[in-house]
Amino acid sequence: MTDYPINMSVKPQVEAFFDPATNTISYVVKDPSSNACAVIDSVMDIDYAAGRITYDHADAIIDHIRKHGLKLEWIIETHVHADHLSAAPYIQSALGGKIGIGDKIMVVQDTFGKIFNEGTEFQRDGSQFDALFEDGDTYKIGNMQAVAIYTPGHTPACMVHVMGDAAFVGDTLFMPDGGSARADFPGGDAATLYDSIQKVLALPNEMRLFMCHDYGPNGRDIQWQTTVAAEKEHNIHVGKGATKEQFVNLRTERDATLAMPKLIIPSLQVNMRAGEVPTDKDGRPMLKVPINAL
Ligand SMILES: [Fe+2]
């Protein structure tokens, strides 16, 4: 296993922004020793039935960063989300910062470029993003070092980003009583996800873990923060040393019962372009609906 540079003595301040429309949690992470910050997994609001895009969720993040006098250095996507649209370009145009994602985005762009029958003008080389991370790549948020860790399985491009004692796990894990995310999207794989989860569980026990989603299972209030120790002990899919075989059986059975996320069609088209809405031949923002392709 790769030896990732982890420094538990650096304790970033983490502000969470919950989006009730998609059950997504976005984060502003502040370097404790400077005013630098990063945004993780932002959300652009869409009324899909009306084809209307708005920015209330992103504006709340922008307002928070401005109010606290922070300098936005990075806008991180843990993966190409299938259930919400990224607001990365909107936030970048307001505050600057570099948009980063895992370099396996190219695999995702290739898969969905075909499904959406994108023409040659759709680049499948990740060039829509400012930075593409490989496993173990580090970058700086002010003085704080961040490291990106490959965690494929939910999608091929998933990464967990560790900043000091905080890890942003994307859809690699849910809260202990939520288990894990589905692994049945094109390019997903339950056995691969199990291996990736083991990488997260190998982080220090006290590491704070921040979820990308929570659905409040069994009627509990929405939560987004836990620890490696709590996941190891209590996660209903991978806790108490669940084996790969147990996990793959459970995940595969469960995935067969899940409907497609409501926003998968607009989300993929926008998020594989780093949050830009595609345009038609006349330059008007426009989305497609491929029939019987997903
Ligand atoms: Fe996801």
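The present account deals with the structure reproduced in this document.

What counts, and where the lines are drawn
- Residues numbered from 1 in each chain as written.
- Predicted model: local features only at pLDDT ≥ 70, side-chain atom pairs only at ≥ 80, totals over all residues.
- Heavy atoms only, no water.
- Helix = DSSP H or I, 4+ residues; strand = E, 2+ residues; numbered from the N terminus.
- Rg over C-alpha atoms; globule rule 2.2 N^0.38 Å.
- Areas by Shrake-Rupley, 256 points an atom, 1.4 Å probe, with all protein chains shown as cover.
- Lys, Arg positive; Asp, Glu negative; His and termini not counted.
- Charge placed at Lys NZ, Arg CZ, Asp CG, Glu CD.
- Pairing = 2+ DSSP bridges.
- Axes fitted to C-alpha atoms, helices over the stretch in contact; angles between N-to-C directions.
- Donors = N, O, S within 2.8 Å, 3.2 Å for Na, K, Ca; no water.
- Buried < 20%, exposed > 50% of the residue type's maximum accessible area, 1.4 Å probe, protein only.
- Salt bridge = Lys/Arg side-chain N within 4 Å of Asp/Glu carboxyl O.

## Re the overall build of the protein
Within the protein one finds seven helices and 14 strands. Over its C-alpha trace the protein gives a radius of gyration of 18 Å, about what one expects of a compact globule, namely 19 Å for 294 residues. The dimensions of the protein, computed from C-alpha atoms along their principal axes, are 55 × 50 × 35 Å. Here the protein has roughly 12600 Å² of accessible surface; of this, 50% comes from carbon and sulfur atoms. In the protein, which carries 25 positive and 39 negative side-chain charges, the distance between the mean positions of the two groups comes to 1 Å.

## What about the sheet that holds strand β14 (residues 225-227)?
Pairing is mixed across the open sheet formed by six strands, whose spatial order is β9-β10-β11-β12-β13-β14. Of all strands in the sheet, those with a lone pairing partner are β9 (138-141) and β14, marking the two edges. Each neighbouring strand pair of the sheet contributes to a mean axis angle of 30°, computed without reference to strand direction. Where strand β13 (residues 208-210) meets β14, three bridges bridge the pair, whose relative direction is antiparallel. Note that in β14 the partner of Phe210 across the bridge is Gln225.

## Remarks on the coordination of the iron ion
Binding of the iron ion to the protein goes through His79 (NE2), His154 (NE2) and Asp171 (OD), at separations of 2.0 to 2.4 Å. Mapped onto the polypeptide sequence, the residues donating to the iron ion form the spacing pattern H-x74-H-x16-D. You can see His154 sitting in the loop between β10 (144-150) and β11 (159-163) and its partner Asp171 sitting in the loop between β12 (166-168) and α4 (190-201), a full 17 residues away along the chain. Pair check on accessibility: His154 and Asp171 agree, each one buried.

## As for the pattern of salt bridges
Where charged atoms from two side chains of opposite charge come close, those side chains can pair. Throughout the structure, instances matching the rule amount to 17 salt bridges. Note that Arg273 and Glu118 form a salt bridge whose closest N and O atoms lie 2.9 Å from each other. With Arg273 in the segment after α7 (264-271) and Glu118 in the loop between α3 (105-115) and β8 (131-133), this pair connects stretches of sequence that are 155 residues apart. Glu118 shares its class with Arg273; the two are buried. For the salt bridge of Asp165 with Arg208, the shortest nitrogen-to-oxygen distance reads 2.7 Å. Taken together, the positions of Asp165 in the loop between β11 and β12 and Arg208 in strand β13 put the pair 43 residues apart, joining distant regions of the chain. Across this residue pair, the class does not change: Asp165 and Arg208 are buried. Among the ionic contacts, a cluster of salt bridges with common partners joins Asp280, Lys281, Asp282 and Arg284.

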